[in-house]
Structures are given as C-alpha cells and as structure tokens.
Amino acid sequence: MTVIFEEIRRLEAARKKGDISEADFAKAKGRLLETVEDATVLPPFEFEPPRRQAASTGPGPWGTVLIGLLMAALLTFVAGQLIGNITIAFTLVATVCAAIVIAAFRKLEG
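Computed from a prediction, not measured in an experiment: that's the story for all the values here.

A word on the overall build of the protein chain. Each helix and strand in the protein chain was counted, giving 4 helices and 0 strands. In the protein chain, the order of α-helices and β-strands from amino to carboxyl end is α-α-α-α. Taken against the 2.2 N^0.38 rule, which gives 13 Å for 110 residues, the C-alpha radius of gyration of the protein chain at 34 Å runs more than 25% over that of a compact globule. Each of the 110 residues in the protein chain was classed as buried or not, and the buried ones make up 12%. Within the protein chain, contacts between residues separated by at least 24 positions form 26% of all contacts whose residues are at least 6 apart in sequence. Summed over its atoms, the accessible surface of the protein chain is roughly 10100 Å², and 65% of this surface lies on carbon and sulfur atoms. Separation between the mean location of the 12 positive side-chain charges and that of the 12 negative ones in the protein chain comes to 7 Å.

Here the focus is the environment of Glu48. Looking at the element boundaries, Glu48 is found in the loop between helix H2 (22-34) and helix H3 (61-83). The class of Glu48 is exposed, set by a relative accessible area of 65%. For the pair Glu48 and Leu70, spaced 22 residues apart in sequence, the C-alpha separation works out to 37 Å.

Scanning the entire structure with this criterion turns up 0 aromatic pairs. We note Arg15 situated over the ring of Phe25; from NZ or CZ to the ring centre the distance is 4.5 Å.

Calculation rules
Residues numbered from 1 in each chain as written. Predicted model: local features only at pLDDT ≥ 70, side-chain atom pairs only at ≥ 80, totals over all residues. Heavy atoms only, no water. Helix = DSSP H or I, 4+ residues; strand = E, 2+ residues; numbered from the N terminus. Rg over C-alpha atoms; globule rule 2.2 N^0.38 Å. Buried < 20%, exposed > 50% of the residue type's maximum accessible area, 1.4 Å probe, protein only. Contact = heavy atoms within 4.5 Å. Areas by Shrake-Rupley, 256 points an atom, 1.4 Å probe, with all protein chains shown as cover. Lys, Arg positive; Asp, Glu negative; His and termini not counted. Charge placed at Lys NZ, Arg CZ, Asp CG, Glu CD. Phe/Tyr/Trp six-rings, centres within 6.5 Å; stacked < 30°, edge-to-face > 60°. Lys NZ or Arg CZ within 6 Å of the ring centre and 35° of its normal.

The structure is reproduced here in structure tokens:
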C-alpha cells in the first residue's frame, strides 16, 4: 500500500513539473488504484460473556449492605471512644467508607 502512495506522489510531482499531462496523470492514478482490492467490511463482533450465577452460600445484596452499615456503626463507636468526639469519628469513618466504595467502583470499571 505504501508503494502505491509513493507512486501516486511521484506522479503528482511529475504532473506539477509538467512532465506528464493531466489526462496521463488521471489514467496512471486510476490504474494504480485499481490494483488495490476492495476491503470486506464485517459486522461488529458481539461478545457475550457467560453469565455467572449468584452463589447461594453468601449473603444477598441487602445482607451485604446491612453488614457494611453495622461495621460502619461499630467503627464509628470504637473511633469515638478512642478520639473522644463522636462527630469527628463519624466523619473519619464516612470518609474511609466513601474511599472504599470509590475504589470498588473503579475496580469494576476497569
């Protein structure tokens, strides 16, 4: 393909210098382009990954949310006892939980 483009550039340069006429340039370019085969365009490939079935041994989605909320409450209580201020402890735990959720979503995306 690169050889064809280089030949067309050489023909254009010769035409600009006046070595070949416009008609000769058109014929030569047409012959070069006819040597290129037509490309076959295929429909896009659609891949469906096999669907996973939920494991029946673990907690369901609401069970996981409940466990997360209970752990956040427990961490808030423990941090509040250590720090001495429940508001600061809640802010700290909420920030950590938000960071964990953001990291989980980023892992799901890529």
